[in-house]
Amino acid sequence: MTDTNKTVAERIHALHKAFGGRAPVAVQAEIGDASVLPAGATMPDGELLDVHGAPTTLTAARRGNPAVVVTYRGAWCPYCNVTLHAYQEQLVPVLAERGIELVAISPQKPDGSLSMTQKNELSFTVLSDPGNRIAERLGVLTAPGPAERRIQNSLGIDLTRINADGTDGLPMPTVVLVDSEGVIRWIDVHPDYTTRTEIADIIDALDLLG
């Protein structure tokens, strides 16, 4: 099986093998079902930054179209790189045929968004959300616990320098299907940051966009 045909889970498994037994321990973020916006709610929006630091919004990025919105942790996260690269290869062509946008949002500075775009040759929109305002209103904002902080410190990762607002908040990896009116039609949240939404599941849910 070529890399292009691998599921996200298979790519992450290969990543763990490449870690040579040094793979991070799965960390389950605290999440309350009642706090996550459900299908039928309006997708949060606010002032975001594009890869060049220019202000924009999710509404502008959607261009009046339905969208698959992905929250990710940052260009420093190997799981994010693996996942967004897989979405570029396997999901973007499907979305393009159906006139659906793909937008990825993280709390990192715009230069991190640019790095993510260039490193993975992404053709879709990658935005920065200073202060995790969308993640917070969506109900998927968390903060690194002690175990994750130890991992980050061992790797020299300082989120207060990486994130656009100098905090260490992170979104739980989440995929949201938003219709052309800005209404959430499907949402999949991963409290365990070592797992991600499979492409097949996203494609199966696209019919909910109408």
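Residues numbered from 1 in each chain as written. Predicted model: local features only at pLDDT ≥ 70, side-chain atom pairs only at ≥ 80, totals over all residues. Heavy atoms only, no water.

- An unreviewed UniProt entry lists the chain under the name thioredoxin-dependent peroxiredoxin, from Nocardia colli.
- UniProt lists a comment for the chain under the heading Catalytic activity (unreviewed entry), and it reads "a hydroperoxide + [thioredoxin]-dithiol = an alcohol + [thioredoxin]-disulfide + H2O".
- In UniProt, the chain has this text filed under Function (unreviewed entry): "Thiol-specific peroxidase that catalyzes the reduction of hydrogen peroxide and organic hydroperoxides to water and alcohols, respectively. Plays a role in cell protection against oxidative stress by detoxifying peroxides and as sensor of hydrogen peroxide-mediated signaling events." (UniProt positions renumbered as here; feature names shortened; annotations may be inferred.)

Quick word on unusual backbone geometry
The phi angle of most residues is negative, glycine excepted, and most peptide bonds adopt the trans form.
Okay, step 1: Its identity is not glycine, yet Arg63 carries a phi of approximately 55 degrees, on the positive side.
Okay, step 2: Position of Arg63 relative to the elements: it lies in the loop between helix H2 (58-62) and strand S3 (67-71).
Okay, step 3: Classification of Arg63 as exposed rests on a relative accessible area of 62%.
Okay, step 4: Positioned with a positive phi, Glu121 is a non-glycine residue whose angle comes to about 50 degrees.
Okay, step 5: With respect to the helices and strands, Glu121 occurs in the loop between helix H4 (110-119) and strand S5 (125-128). (Helix = DSSP H or I, 4+ residues; strand = E, 2+ residues; numbered from the N terminus. Buried < 20%, exposed > 50% of the residue type's maximum accessible area, 1.4 Å probe, protein only.)

What about the side chain of Arg11?
Okay, step 1: Among the structural elements, Arg11 can be located in helix H1 (residues 8-18).
Okay, step 2: Relative accessible area serves as the criterion here: at 9%, Arg11 is assigned to the buried category.
Okay, step 3: Reaching out from Arg11, the side chain makes a polar contact with the backbone oxygen of Lys6 at a distance of 3.3 Å. (Polar contact = N/O pair within 3.5 Å; in protein donor to acceptor, adjacent residues only side chain to side chain.)

Digging into the packing of aromatic side chains
Okay, step 1: Per the counting criterion, the structure on display carries 1 aromatic pair.
Okay, step 2: On the basis of an interplanar angle of 75 degrees and a centroid distance of 5.8 Å, the ring pair of Tyr79 and Tyr193 is categorised as edge-to-face. Here Tyr193 lies in the loop between strand S9 (184-189) and helix H8 (199-205) and Tyr79 lies in helix H3 (residues 78-98), a separation of 114 residues in the sequence. The residues Tyr79 and Tyr193 share a single accessibility class, namely buried.
Okay, step 3: Directly above the aromatic system of Tyr193 lies the positively charged group of Arg73, at a separation of 4.0 Å from the ring centroid. (Phe/Tyr/Trp six-rings, centres within 6.5 Å; stacked < 30°, edge-to-face > 60°. Lys NZ or Arg CZ within 6 Å of the ring centre and 35° of its normal.)

Some details on the environment of Ala135
Okay, step 1: Tracing the backbone through its elements, the reader meets Ala135 in helix H5 (residues 133-138).
Okay, step 2: For Ala135, a relative accessible area of 3% puts it in the buried group.
Okay, step 3: As a C-alpha pair, Ala135 and Glu10 span 125 residues in sequence and 27 Å in three-dimensional space.
Okay, step 4: What Ala135 contacts, discounting residues up to four positions off in sequence, is Asp129, Val140, Leu141 and Pro171. (Contact = heavy atoms within 4.5 Å.)

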